[in-house]
Every structure is written in C-alpha cells, then in structure tokens.
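Observations on chain architecture
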Amino acid sequence: MKKIGKTLKSACVLGLSGALLVCSVGCSSSSESSGGEKTGKKQLVFWDKSEYVTAYNDMMKEKVDEFAEKYDVDVDYVIVNSGDLEQKLAAAIESGNQPDIIMGDNTSVAEYIASDQLAEVSDVLADIDLKEEAKPYAVFNDTEYLVPLSLTAPGMFARQDVWEEHGLEAPKTWEELKEQAKIINDPDNGFYALGLPLGESGGGDAETFIRTIILDYGGEVVNAEGEVTVNSPEVLEAFKFIASLYEEGLVPPDATTWDDSGNNSAYTAGTVGVVFNSGSLMGTLKDEYPEIWDNTAIFDYPAAEEGGQSYTLGGANVFGIFKTGDNTETAKEFISYFFSDTDFYNEMVEAIGGMWQPVINGYDDTEFWQDPDNAVWLTAASNLTLTTAPAPTTDTAAQGFSNHLCTKALQNIVVNGMDPQEALDGLEADLNELYQ
Amino acid sequence: MAALTKINRAGAQTRKDKRLGLLLMLPVIIVIFGVMGYPFLNAIWLSFTDKVVGGEANFTGWDNYIALIHDDIYWLSLKNTIIYTVGCIAAKLLLGLLLAVLLNKSIKGKTFFRTALLIPWAIPGMVAATTWRWMYDSTYGIINSLLISTGLTTTGIPWLSDTHLTLFSTMIVNVWRGIPFFMFSILGALQTLDKQQFEAACVDGAGSFKQFWYITLPAISSVIGITTLLSTIWTFNDFENVWLITGGGPVYSSSTIPTYTYVKAFTENNLSGAISVAVSVIPILIILIIIYARANKKSS
C-alpha cells in the first residue's frame, strides 16, 4: 500500500515536471514550425509606420502581397504606430526577434546604425534613380544604410484671412514675422499669433524649428567637420530671437509642453495664426477642417534678413534593413521590387496628398504636382536640408537631434528665465559630451 | 524504544512530505523565476554595464550609479515622485474615505452616485489623461474658460506651462482617477460592520464622531492599510498620466522616476542608464511590498 502511495506521488511529480517540459518544448517547436526552415519558403517580416493617410498602408500592403505571391515568400506585414515604433523595436531587438525591414523617419531609423544593426544598402540604391535632394538621407557615417521612401518637407501654414484682415503681406524676414505677430496677436480672445511647440517629448518639430533659425542667422550647432560650434554670437542671437517670441506672449503658454501634435491641435482649433508643419496638417485640414483650409496660405519660409539664405529643414521616410535579421537578402529583394514599379510608387505618393514628396526622378511634372496646392511642397522638398546640417550625417549627429538638446536649452531660457549665454554654455557642454 | 522509533518515523515522514511539497512546487518556482526572477536579475546586471539597444553589454561597475548621484534631473525626478505619491495618496485616502462614509448612509440616489463615481476608475488612463490635457489648455481649455466666466480669475491659469503648477496638474488627474478605488474598498469594509455595535455605542452616549473614531476606523483600518499600500505602489510607478499630460516638462518640472526612465531609455537610447534609474528605487518599492505583505498577513 505504501509502495502504491509512493509510486503515485512520484508519478504526480513526474507528470507535473513533464507537463512543464512539454510546454517549453511545445513552445519552441511551434516557433520552429512557423519559421521557414521546414517548408523551405522564404520569410520576410516588415514593420511599417502607421501613416496619417490610410491609403499608404493599404497600398503598401497591396505591394507586399504581390511580392509574396510572385516570389513565394511568407511576408508578415505589421503596421506599427509611429509613437510606439522605438519601444517595440527595442524589445524586438533585445529578444532577437527584430524585423527584416522597418520604415520610419530617418532620424529614428538611423539610431540603429550606432549599434551595428542595419545592413549596407548600396546595392539596392544602385538601381533606384534617386533625386539629388533625397541622396543625403541615405548616407550615414559615409556609408549608405537607408533607402529613402519619401521626403517630408515642412511648410509655413498661415491664416490668410487674419493676415488679410490686417492688410499684411507674407513676411520676408523672421523679424518681420514677429512684428506681424504682434499685430495679429489677441490672447484676450484666445488667439495667439504663433503656434511653436517647445516640449521635449515630441518627435522633433521644436528641435527642427530652432535649428532652422540657427542656420538662418548664420550659426551652426555642429560644423561640417563635426566640431561643436554652437557657442557663437550668431546662435546666441537666434536663441534670443526665439525666446523673445515666447517672452512677449506671441505663443500660447502651454506650447512649452506641446509635443508634435500640439501645434496641429491649436491650428485646427483656430487658436493660432501660424504653424510650421509637414504636409500631414494639410491632409487633416482638407478632410476635417475645410473652413480653416480655405483660409490657409502656405507662405515661404522667411530669412534672417531680406534676400538672405532661408533654410527649410526636414526629414524623410526611409527603409532600414536589419542585417541581424534572418532574411536580409529577401528584404533587399522586396525594396528593389517595390521601386521597380515607379508608376505605382508615384501613384502611392500622390495618394498621400502632398504631405510626401517623391524621392525618384521623373514625376515632378504630373498633373498632381502641377497643382499649386501641391507644387509648393515639391518646391520645399527641392530645397530641403537635413535637420542635422551642416554636421556630417553620423549616428552621433542623429542622437544629438533626437535628444532635443537645443529645445532643452531654449526651454531653460523661456521657462526658467536662464540667461541665454548660460543656456548656450550648457548646450555646448552637452554636445561636447555627446561628441566625445 | 518503540515510542522513539515512532517519533523517528514521524520525523522522517514529515521530512518526506516537505521534500514532496518542494518537489511539487518546483515547476511553479521555475516558471516564476523564468518570467520574473531572471529578467529582474538581468536588469540589475545591465545597470552595471554600458548597454544600449542592440549593443553589447560591457561591465562598467558603478559608473551608472555614480552618474546618477551627480545627475540633478534624477534627484528632481525622485523628489517629484515622492511629492506625487504622498500628495496623491493623502488626497485619495481622505476623499475616498469621505465619499465611502457618505455612500454608506441611506441617501437618495445612492445607486446612481455609486455608479457615477466609478466612472473615473473605469475610463482608460490614456483617454482620461488626453481629455484632461485638453481641459487644462490655456487657450481653449474648459477649466480656464469656466474660471474666467465665473469671475474666479481674470486670466487663465497656466496649468501646463508654469513649472510650479505642472506636477500639481498631473496630481489632480491621478487623484480624480484613484478615488473610486479607495472609496469602493472602504465602502465594502464599511458594509461588513455590525450595526449592533453602533446601536450600543449610541445607547452609551457616543456621538457620530466618537462612533467613527472608536468603532468604524479601527474596524476598517486593515482595509485602509492594504488599499493605501497597493495604491502607493501603483502611484509611485505611474507613467502614463504624467507622460501624456506634460511629458515630464517643461524643463523636467514634472519629471518623475518612470518618465525619466523612459526618456533615458528611448530618447537618449541609454538603456543601462535607464535601468539604473529604475533599479535605484527598488529598495523603496521592496519596503512597501514587505509592509503590504505583513499587513495582508495580519488582516487575514
């Protein structure tokens, strides 16, 4: 009897331990069966950015399915909210389950170059007829790591009705914009002239704007030789100018915590007169706020002085291929396949409605891009400058931009009342630490 | 002699039972260690390295912690986290207790109020935070609009831009969302109290306050204790609320340990630095968990 009891107990223990073992083996065997080894079929995991205009993701899915069928590849097409991309990728990379291709904005994707995750793509780019203005977005550390998909030039959205009401013309210089802003500013009635975000949690609108003014004023954050040159009279002047816009109440007070959606929300709510934004705002206005769109003009970017150089800083959407993934070659084949149908590519860019500008030659004279509403974006894209310019495009430069160091320095002046020179000294120290 | 043999046998049987118990628990222990223990130990190890996402982890000793000691933003975030946690818990406890006592009385529309007061708890945190952000807006927010239209202020209050106010603004939202948890926990405890004690106290001449202080409060103290501890742990780790309302800004004025960890990990791409921030507050959380475990044991 005792023996039977002992045997039963042992059986229980073995059973439970066995169940655990089976479970773990089961888990691994199921993942194996989902891999391509057994069937011999090629695999591809593609993480794509969720775009404001759903036509993009629909069309990309169509192309992915076409590729999958034609080349007999199992493609896992995953649409990821752009705000979640970094966190999800970090988890995927650390667990060794990184996708084969990602699509996102150039500064975010470039962050994975530093950790040696991305594959060189010169062979893919060799077959793509890239526009000159798109080429810099492919290169990092003197090597081609990224495949540009579209340029995303920003524009200066202005409430034309307000400008006309006060008999004002489009400003030619930043100082003129400020003078006009003083005229149209009406905070007592909930209307501020300028919707300029200054929160550090956004995707980079604030940092891009600040760096635009710095370049216009003749300054540089980091020079072409990769030396930190931010502590200069030109940058100091640019900082003082930007800070004055906030200090003189021309920007809503909450803008110091706005992320990249803050200026969009304020403009669509009709509470600000000017915002600097990509064409995504145009799409929103056309679809959801036609009365505001009808009263909106896209002004040219002002310069520091009349006739002076005016920069338009902006980014691009790019593909990155993980060399640490299992299907690097298939990923390259897909991108080559995607760009081989240039008519489809153009159709896709046009379907997005102007907020994306093409990176390949040959489509600038279509009916769509000849429309004045869209032509303005094409012009902006043709003058587009990298957000880290004139610094060499390195992962350090990308990190410097992503850390929003200029934004934080400006916040110190505007929010904490710090002396601009002191803020600049701090910024220089932070940049030096990064570049060391 | 026979008795001694019996005792020895009983002892051997007890040891066997213990061994069997341990053996039966082994699968669960392995699963728990795999799911929680290993990642936890790995995180502690990574905090002593120079790990970035996708990069190799090289041992750097105490470098990350030494950097934290000299990091003003870390200390500001810790201070903010303590203010946030203590302030929110105190407010949630007081208001939750007050509302629970009120709802325990025979008042008209009790069911309606109970349902209505549950809404903040039921709303997803992201929705609540985004809505409050809109309400706080200095230009088109309803809060300033109401304050101005009722003459309470002449100009809008900069809820999200004044560095002295931003943390307070996020605390209001946390308190608003957290009151129902306290209220319903305490209400549940109140409903188990024996009415005869109060009748007896009444006969002895005890007023409402004395009844509350000497009968109600001691009887529900264990529930209050556990509710407070659980909520303290959640509030201490609250990321979503602060991040969505202020992003920890402006200039880190509302930065807390969870938001600073996020910034270090995903904005600065400094994984080991971020983990060291998170690990640095583990002793505080362990103390809270030990207190919770003891309180739970006592109450059960």
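Residues numbered from 1 in each chain as written. Chains lettered and ligands numbered in written order. Predicted model: local features only at pLDDT ≥ 70, side-chain atom pairs only at ≥ 80, totals over all residues. Heavy atoms only, no water.

1. As for the overall build of chain A
This is how the line gets drawn: Numbered from the N terminus, helices here are DSSP runs of H or I no shorter than four residues, and strands are runs of E no shorter than two. Should any heavy atoms of two residues lie within 4.5 Å, those residues are considered in contact. Each accessible area value is a Shrake-Rupley result obtained with a 1.4 Å probe; residue values ignore everything except the protein chains displayed when judging cover. His is not counted, nor are the chain ends; Lys and Arg add positive charge and Asp and Glu add negative charge. All charge positions are set by atom: Lys at NZ, Arg at CZ, Asp at CG, Glu at CD.
A count of helices and strands for chain A gives 19 helices and twelve strands. By principal-axis analysis of the C-alpha atoms, chain A measures approximately 100 × 55 × 45 Å. Here the analysis covers contacts within chain A between residues at least 6 apart in sequence; of these, 73% occur between residues at least 24 apart. Of the accessible surface of chain A, which amounts to about 18200 Å², a share of 47% is contributed by carbon and sulfur atoms. Of the side chains in chain A, 24 bear a positive and 76 a negative charge, and the two mean positions are spaced by 16 Å.

2. Digging into the nonpolar core
What counts here: Nonpolar core, defined: a set of buried Ala, Val, Leu, Ile, Met, Phe, Trp, Tyr and Cys residues in which side-chain atoms within 4.5 Å join the residues together. Exposure categories follow from relative accessible area, calculated using a 1.4 Å probe and restricted to protein chains: below 20% of the type maximum is buried, above 50% is exposed, and the middle band is partly exposed.
In terms of nonpolar packing, the biggest core is built from 159 residues, with M60, L194, F239, F319, F334, F338 and F339 of chain A touching the most fellow members. Ranked by residue count, the leading element in this core is helix 9 (residues 233–247) of chain A, at nine residues. Excluding residues within four positions of it along the chain, L194 of chain A makes contact with L177, A181, L245, L250, V251, P252, V272 and V274 of chain A. The next biggest cluster of nonpolar side chains, apart from the first, holds 14 residues, and it includes A100, L103, F198 and I220 of chain B.

3. A short note on the domain arrangement of chain A
Keep this limit in mind: Residue ranges for the domains originate in an automatic or database domain assignment.
Under the domain assignment, chain A is made up of domain 1 (42–152 + 315–386) and domain 2 (156–278 + 403–435). Put simply, the middle of domain 1 of chain A and the middle of domain 2 of chain A, counted by C-alpha atoms, are 30 Å apart.

4. Observations regarding unusual backbone geometry
Here the bond from A389 of chain A into P390 of chain A is cis, since omega is 0 degrees, no more than 30 degrees from zero. Across the junction of G249 of chain B and P250 of chain B, the peptide omega takes the value -10 degrees, indicating a cis bond. Inspection of the secondary structure assignment puts P250 of chain B in the loop between helix 10 (240–245) and helix 11 (257–267). In this structure, H404 of chain A is a non-glycine residue whose phi angle is positive, near 55 degrees. On the secondary structure map, H404 of chain A appears in the loop between helix 17 (395–402) and helix 18 (405–414). Phi is positive for Y252 of chain B, close to 65 degrees, though the residue is something other than glycine.

5. Observations regarding the environment of P158 of chain B
All names here are of chain B. Mapped onto the elements, P158 comes out in the loop between helix 6 (142–149) and helix 7 (166–190). Residue P158 is classed as partly exposed on the basis of its relative accessible area of 28%. It is 23 Å that separates the C-alpha atoms of P158 and I73, two residues lying 85 residues apart in sequence.

6. What to know about the sheet that holds strand 9 (residues 272–278) of chain A
Residues and elements named next belong to chain A. As a reminder of what qualifies: Being paired, for any two strands, means DSSP has found at least two bridges between them. Between the N-to-C directions of two axes lies an angle of 0 to 180 degrees, each axis being a line fitted to C-alpha atoms and, for a helix, fitted only over the stretch in contact.
If you walk across this open sheet you meet the four strands as 8-9-7-10, and the pairing is mixed. Strand pairing shows two members of the sheet lacking a second neighbour, strand 8 (192–194) and strand 10 (296–299), which therefore form its edges. Here the average twist between neighbouring strands, direction ignored, is 30 degrees. One ladder, built from four bridges, connects strand 7 (residues 154–159) with strand 10; its direction is antiparallel. From the neighbouring strand, M156 faces strand 10, where its bridge partner is F299.

7. A few points about the interface of chain A and chain B
Note the cut-off: Buried area counts how much accessible surface, traced with a 1.4 Å probe, disappears from two parts once they are put together, with both parts' losses summed. The salt bridge criterion pairs a side-chain nitrogen of Lys or Arg with a carboxyl oxygen of Asp or Glu, the two atoms within 4 Å. A 3.5 Å cut-off defines polar contacts: any pair of N or O atoms within that distance qualifies, except that in protein one atom must be a possible hydrogen donor and the other a possible acceptor, and neighbouring residues in sequence count only when both atoms are side-chain atoms. Here the nonpolar group is Ala, Val, Leu, Ile, Met, Phe, Trp, Tyr, Cys and Pro; Asp, Glu, Lys and Arg are the charged ones; every other residue, Gly included, is treated as polar.
Taken together, the contact pairs 37 residues of chain A with 36 residues of chain B. Between chain A and chain B the total buried area reaches about 3000 Å² when both faces are included, carbon and sulfur atoms providing 59% of it. Joining chain A to chain B, the criterion identifies one salt bridge. Notably, a salt bridge pairs E94 of chain A with K51 of chain B, separated by 2.9 Å at the nearest N-O pair. At the boundary of chain A and chain B, one finds nine residue pairs in polar contact (both at pLDDT 80 or more). If you list the elements that add at least two residues to the side of chain A that touches chain B, you get helix 1 (2–34), helix 3 (85–94), helix 10 (262–268), helix 17 and helix 18 of chain A. Residues that form the side of chain A that touches chain B fall into these classes: 13 nonpolar, 16 polar and eight charged.

8. Comments concerning a negative patch on the surface
Condition: Here, patches come from residues exposed beyond 30% relative accessible area and free of salt bridges, joined within 9 Å for like charges and within 5 Å for nonpolar side chains (Val, Leu, Ile, Met, Phe, Trp, Tyr).
On the surface, a cluster of negative charge is contributed by E175, E220, E225, E227, E234 and E237 of chain A. With respect to the secondary-structure elements, E175 of chain A resides in helix 7 (residues 174–184).

9. Comments concerning the pairing of strand 11 (residues 312–321) of chain A
Along any regular strand the residues' side chains alternate between the sheet's two faces. Residue and element names in this part refer to chain A. The buried fraction of strand 11 is high, at ten of ten residues. Where strand 3 (residues 101–105) and strand 11 come together, five bridges link them in antiparallel fashion. What sits directly across from I102, in strand 11, is G320. Taken together, the three bridges between strand 11 and strand 12 (residues 384–386) define a ladder with parallel strand orientation. Across the sheet, residue L313 finds its bridge partner in strand 12, namely T385.

10. What to know about the environment of L431 of chain A
Mapped onto the secondary structure, L431 of chain A falls in helix 19 (residues 420–435). Those residues in contact with L431 of chain A that sit more than four places away from it in its chain are V221, V228, V230 and L405 of chain A.

11. Examining the side chain of K178 of chain A
All names here are of chain A. Looking at the element boundaries, K178 is found in helix 7. Take K178: its relative accessible area is 8%, and that puts it in the buried class. Setting aside chain neighbours within four positions, we find K178 in contact with F241, S244, L245, E248 and L250.

12. Things to note about the layout of surface pockets
Rules: Put plainly, a pocket is an open set of points on a 1 Å grid over the protein atoms alone with protein on both sides within 12 Å along at least five of seven lines, a cavity is a set where a 1.4 Å probe fits but cannot get out, and a lining residue has an atom within 4 Å of a point. Grid points are joined across faces, edges and corners, and a volume is the space filled by probe spheres set on the points.
Roughly 1700 Å³ of volume is contained in the second largest pocket. Around the second largest pocket, the lining comprises 50 residues; the ones closest to its centre are D430 and E433 of chain A together with Y260, K264 and E268 of chain B. Of all elements in the fold, only helix 17, helix 18 and helix 19 of chain A together with helix 2 (63–69), helix 3 (72–104), helix 11 and helix 12 (271–280) of chain B reach the threshold of two or more residues within the lining of the second largest pocket. Residues belonging to the lining of the second largest pocket are distributed by class as follows: 17 nonpolar, 19 polar and 14 charged.

13. Some words on the confidence of the model for chain A
Residue and element names in this part refer to chain A. Rule in force here: Confidence of the predictor at the level of single residues is captured by pLDDT, which takes values from 0 to 100.
Per-residue confidence for chain A averages 86 on the pLDDT scale, and 91% of its residues sit at or above 70. Helix 1 is the least confidently modelled element of chain A, averaging 40 in pLDDT, while helix 9 averages 97, the highest of any element. Contacts for the low-pLDDT stretch residues 7–38, under 50 throughout, to residues beyond four places or in other chains number 17 contacts.

14. Focus on a nonpolar patch on the surface
On the surface, a nonpolar cluster with roughly 430 Å² of combined accessible area is contributed by L23, M25, L26, I29 and I30 of chain B. If you trace the backbone, L23 of chain B turns up in helix 1 (residues 2–46).

15. Remarks on the packing of aromatic side chains
Residue and element names in this part refer to chain A. Inclusion rule: Here is the rule: rings of Phe, Tyr and Trp (six-membered ring for Trp) pair when centre to centre is within 6.5 Å. Planes less than 30 degrees apart are stacked, more than 60 are edge-to-face, and the remainder are tilted.
For the structure on display, the rule yields 44 aromatic pairs over all chains. Ring geometry for F67 versus F334: centroids 5.2 Å apart, planes at 75 degrees, classification edge-to-face. Taken together, the positions of F67 in helix 2 (residues 54–71) and F334 in helix 13 (residues 328–340) put the pair 267 residues apart, joining distant regions of the chain. Since its relative accessible area comes to 1%, F334 is described here as buried.

16. Regarding the domain arrangement of chain B
Residues and elements named next belong to chain B. Taken domain by domain, chain B consists of domain 1 (1–46) and domain 2 (64–299). Computed over C-alpha atoms, the centres of domain 1 and domain 2 are 39 Å apart. Listed per partner, the contact involves four residues of domain 1 and five residues of domain 2. Taking both sides of the interface into account, the surface hidden between domain 1 and domain 2 amounts to around 350 Å²; carbon and sulfur atoms contribute 79%. Where domain 1 meets domain 2, there are zero salt bridges. Inspection of the domain 1/domain 2 interface yields zero residue pairs in polar contact (both at pLDDT 80 or more). Of the residues belonging to the side of domain 1 that touches domain 2, the class tally is four nonpolar, no polar and no charged.

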